[in-house]
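Read off the chains here:
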Amino acid sequence: MAASSILFPANSVTGTRSWGKSGFLFSGRRRSVAQAVRKAPGSVSVRSALDSLEANVSDMSVNAPKGLFPPEPEHYRGPKLKVAIIGAGLAGMSTAVELLDQGHEVDIYDSRSFIGGKVGSFVDRKGNHIEMGLHVFFGCYNNLFRLMKKVGADKNLLVKDHTHTFVNKGGELGELDFRFPVGAPLHGINAFLTTNQLKTYDKARNAVALALSPVVRALVDPDGAMRDIRNLDSHSDLPSLQISFSDWFISKGGTRTSIQRMWDPVAYALGFIDCDNMSARCMLTIFSLFATKTEASLLRMLKGSPDIFLSGPIRKYIEDRGGRFHLRWGCRQVLYETSPDGETYVTGLAVSRATNKETIKADAYVAACDVPGIKKLLPKEWRESKFFDNIYELVGVPVVTVQLRYNGWVTELQDLERSRQLRRAAGLDNLLYTPDADFSCFADLALTSPEDYYIEGQGSLLQCVLTPGDPYMPLTNDKIIERVKKQVLSLFPSSQGLEVTWSSVVKIGQSLYREGPGKDPFRPDQKTPVKNFFLAGSYTKQDYIDSMEGATLSGRQASAFICQAGEELVALKKKIAAIDESQGSSNSASVPDELSLV
Ligand SMILES: Cc1cc2nc3c(=O)[nH]c(=O)nc-3n(C[C@H](O)[C@H](O)[C@H](O)COP(=O)(O)OP(=O)(O)OC[C@H]3O[C@@H](n4cnc5c(N)ncnc54)[C@H](O)[C@@H]3O)c2cc1C
């Protein structure tokens, strides 16, 4: 069996790598496999309207919280700025796109050899696309869809059936089925009341909890609801007011069984931690969107690999507008000074590639790093400021992603013969959750993202996200693969006899920030106390969770702050030049006319 593996310790790259169709509330019984695999008759009409993002992401922006759906920025009329961005993840690239659109000049530096950060992917020597992790796009990704449309990548998404599928031990399927002729909030109420993933009692208690949630306020006052949700997580110093989703849910009447069978897999998929450890804010942010927006819960996946279908078009857009990528150039140090009047400002960035070292100078600097990256980068002395010190309260969650290629179709539960042939892809074409394995969510990429992952003559390519990743981090790849294979078999007994022909393991030591109760107040704004130094990144303050959407939104926010500060940044540049002159030195604080590697 061929295998490849890659280990990402912290931020560096090393390593080798249904409104019940019956109409009865509370009538859900776990459906037989054959019933569940069949598509709902109503699904076609809902889908066809959504097949393209041309539809302007439908009702998403109507009566929506402004923080998540910011208006288009005004045309920038200030001085042109040279901006250096550290990090070519989605946050860094989103910042770059926004700045270029406003006429600025942009250079992006990343220590890795590929762009995209956690949503990056690369091709190994045998032509396999290795992804950092399984990525799904919720319908509420307004900012990311806007970015994809800008760069011409909006057609690169495949819309899945509007249902969330749970695979239980033995191949029993449960569903949260949003396919319904009427939109939000009725489609969501129906999905929760008729789900066959929960028993009647748990469903009833579930419904009570959700009815008592800020989600209801979101229907009439989305901004007020978003404030209520944020407030659930606003007390970093009062442990009694730091509310986990489990605490919140159970206090409102929800049951432990609901958490175990439905909410934990969802929480793991969203933040790689369970409901006991995840803040209520995080889960309720998503629920309020699911409840109020018809498409928020509709999943899309890329046609193929992120490098070709997501990062590639963004890169092209940036380069076509004069932006430059400097890959394998890691930023080692933020150089700064403090002026006689006590103002701290950045004078440059020390970057290196292998043994080459350079100093970068710009009018504004953006650190669009991940959590471990930003902690390493900030000058120690800056921790005297609470703003920067708070960042050290955030920690990244380990996660392990495993890809398994089979010589048959693992998720094809209806027809044994079809699962054994290799002429045509067969099985479940959607994101799949499970409460019964160490991986909380998974998908058969050969079905969901066929352009790069369906290979003639080969079968399923399962991509499984192991959460929590901690116990798997010290294990060898062979052990990890062995364990995952066994668990796949227990979910799909019909796959007995199919063989794994290729596998890969990607370990990320610190991925998303741990969205635990009380952590939200520690997230920094994109604007910092250092006037010419800005932050972006999914962990920074933005109204969504740590995700592709959050990263994109943070980039929009960073760009807006930079544009707002345009005149001030030019004044600072003059001030720095004057200080240099008075000191009679060609001090590192001077900003040359051209942003360049000096
Ligand atoms: C396994 C997995 C599955 C996921 N699934 C989903 C999903 O289904 N849906 C979803 O919305 N989100 C998902 N996410 C989350 C999503 O990938 C991230 O939230 C998002 O990509 C973060 O983007 P970012 O730009 O903020 O950070 P990153 O992508 O981490 O980018 C930061 C970049 O900064 C670079 N960097 C750091 N320090 C330095 C330095 N000193 N010098 C130079 N470069 C530096 C890094 O190399 C990196 O490229 C998933 C994440 C993982 C790990």
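Residues numbered from 1 in each chain as written. Predicted model: local features only at pLDDT ≥ 70, side-chain atom pairs only at ≥ 80, totals over all residues. Heavy atoms only, no water.

As annotated in an unreviewed UniProt entry, the chain carries the name Zeta-carotene desaturase and comes from Linum tenue. In UniProt, the chain has this text filed under Catalytic activity (unreviewed entry): "9,9'-di-cis-zeta-carotene + 2 a quinone = 7,7',9,9'-tetra-cis-lycopene + 2 a quinol". Under Sequence similarities (unreviewed entry), UniProt gives the following word-for-word description of the chain: "Belongs to the zeta carotene desaturase family." (UniProt positions renumbered as here; feature names shortened; annotations may be inferred.)

### Details of the overall build of the chain
Broken down by element type, the chain carries 20 helices and 21 strands. Looking at the chain as a whole, 60% of its 598 residues qualify as buried. A total accessible area of about 22800 Å² is found for the chain, and carbon and sulfur atoms account for 52% of it. (Helix = DSSP H or I, 4+ residues; strand = E, 2+ residues; numbered from the N terminus. Buried < 20%, exposed > 50% of the residue type's maximum accessible area, 1.4 Å probe, protein only. Areas by Shrake-Rupley, 256 points an atom, 1.4 Å probe, with all protein chains shown as cover.)

### Description of the site of the ligand
Around the ligand lies a shell of 39 residues, among which Asp110, Lys118, His135, Val136 and Tyr141 are the nearest. Serine 111 places a polar main-chain atom, nitrogen or oxygen, 3.2 Å from a nitrogen atom of the ligand. In this structure, a nitrogen atom belonging to the ligand sits 2.9 Å away from a main-chain N or O atom of cysteine 331. In isolation the ligand offers 1000 Å² of accessible surface; the protein chains occlude 96% of this area. Going through the elements one at a time, α3 (90-101), β3 (105-110), β12 (330-338), β16 (399-406) and α19 (548-564) are the ones with two or more residues in the shell around the ligand. (Near = heavy atom within 4 Å. Polar contact = N/O pair within 3.5 Å; in protein donor to acceptor, adjacent residues only side chain to side chain.)

### Side note on the layout of surface pockets
Of the volumes computed, that of the second largest pocket is approximately 380 Å³. Taken together, 19 residues form the lining of the second largest pocket, with Arg556, Gln557, Ala560, Phe561 and Gln564 sitting closest to its centre. For the lining of the second largest pocket, the element with the most residues is α19, which contributes eight residues. Its residues assigned to classes, the lining of the second largest pocket comprises seven nonpolar, six polar and six charged. (1 Å grid on protein atoms, 1.4 Å probe; cavity = no way out; pocket = protein on both sides within 12 Å on 5 of 7 lines; lining within 4 Å. Points joined across faces, edges and corners; volume = space filled by probe spheres on them. Nonpolar A, V, L, I, M, F, W, Y, C, P; charged D, E, K, R; others polar.)

### What about helix α8 (residues 222-231)?
All buried positions along α8 are accounted for by Pro222, Gly224, Ala225, Met226, Ile229 and Arg230. Elements that come into contact with the buried residues of α8 comprise α7 (214-220) and α11 (280-292). (Contact = heavy atoms within 4.5 Å.)

### Quick look at unusual backbone geometry
The omega torsion of the bond from alanine 184 to proline 185 falls at 0°, within 30 degrees of zero and hence cis. Structurally, proline 185 is set in the loop between β9 (172-177) and α5 (186-194). In this chain, threonine 467 is followed by proline 468 through a cis amide linkage whose omega measures -5°. Mapped onto the elements of the fold, proline 468 is located in the loop between β19 (461-466) and α18 (477-491). A positive phi angle is found at arginine 328, which is not glycine, with a value near 65°.

### Some thoughts on the packing of α3 against α19
Helices that pack against each other are described as a pair by the angle of their axes relative to one another and the distance between those axes. Remark: α3 packs on α19, axes separated minimally by 7 Å, with the N-to-C direction vectors making an angle of 40°. The angle between α3 and α19 falls in the class oblique. Taken as a pair, α3 and α19 cross one another with a handedness that is right-handed. Residues Leu90, Ala91, Ser94, Thr95, Glu98 and Leu99 of α3 lie in contact with α19, whose contacting residues are Met548, Ala551, Thr552, Ser554, Gly555, Arg556, Ala558, Ser559, Ile562 and Cys563. Looking at the contact of α3 with α19, its residues break down into eight nonpolar, six polar and two charged. (Axes fitted to C-alpha atoms, helices over the stretch in contact; angles between N-to-C directions. Parallel < 35°, antiparallel > 145°, perpendicular 65-115°, else oblique. Left-handed = near helix turned anticlockwise from the far one by under 90°.)

### As for the pairing of β9
With respect to burial, β9 is a largely interior element, five of its six residues being buried. Two successive antiparallel strands, strand β8 (residues 163-168) and β9, enclose a turn made up of three residues, where glycine 170 displays a positive phi of approximately 85°. (Pairing = 2+ DSSP bridges.)

### Points about the nonpolar core
Membership of the largest hydrophobic core comes to 115 residues, with the highest contact counts inside it found for Phe137, Trp263 and Met283. Per-element tally for this core: the top contributor is α11, with nine residues. Discounting residues that sit within four places of it in the chain, methionine 283 has contacts with Phe245, Trp263, Val266, Ala267, Leu270, Cys275 and Met278. (Core = buried A, V, L, I, M, F, W, Y, C linked by side-chain atoms within 4.5 Å.)

### Notes on empty space enclosed by the protein
Over the atoms rolls a probe the size of a water molecule, and in doing so it shows where empty space is left. By volume, the largest cavity is sized at about 70 Å³. If you trace the largest cavity, you find it lined by His164, Phe166, Leu176, Phe192, Trp263, Val266, Leu270, Ile286, Phe287, Phe290 and Tyr433. Looking at the lining of the largest cavity, the elements with two or more residues in it are β8, α10 (256-271) and α11. Classifying every residue of the lining of the largest cavity by side-chain character gives ten nonpolar, one polar and no charged. In this structure, the second largest cavity encloses a volume near 60 Å³. In this structure, the second largest cavity is lined by Glu131, Leu134, His135, Met301, Leu302, Gly304, Pro306, Leu445, Ser449 and Tyr453. In the lining of the second largest cavity, the residues fall into six nonpolar, three polar and one charged.

### Digging into the packing of aromatic side chains
Evaluated as defined, the whole model comprises 23 aromatic pairs. Their ring planes at 70° and their centres at 5.5 Å tell us that tyrosine 336 and tryptophan 382 sit as a pair that is edge-to-face. Separated by 46 residues along the polypeptide, tyrosine 336 in strand β12 and tryptophan 382 in the loop between α13 (371-377) and α14 (386-389) bring together distant segments of the chain. Classification of tyrosine 336 by relative accessible area gives partly exposed; the value is 26%. You can call tryptophan 382 buried: its relative accessible area is 5%. Where phenylalanine 439 meets phenylalanine 442, the ring centres are 5.2 Å apart and the plane angle is 80°; that geometry is what we call edge-to-face. Each member of the pair phenylalanine 439 and phenylalanine 442 is classed as buried. (Phe/Tyr/Trp six-rings, centres within 6.5 Å; stacked < 30°, edge-to-face > 60°.)

### With respect to the side chain of lysine 361
For lysine 361, the position within the fold is in the loop between β14 (356-360) and β15 (364-367). Its relative accessible area of 10% is what places lysine 361 among the buried residues. Separated by 3.0 Å, the side chain of lysine 361 and the backbone oxygen of threonine 347 make a polar contact.

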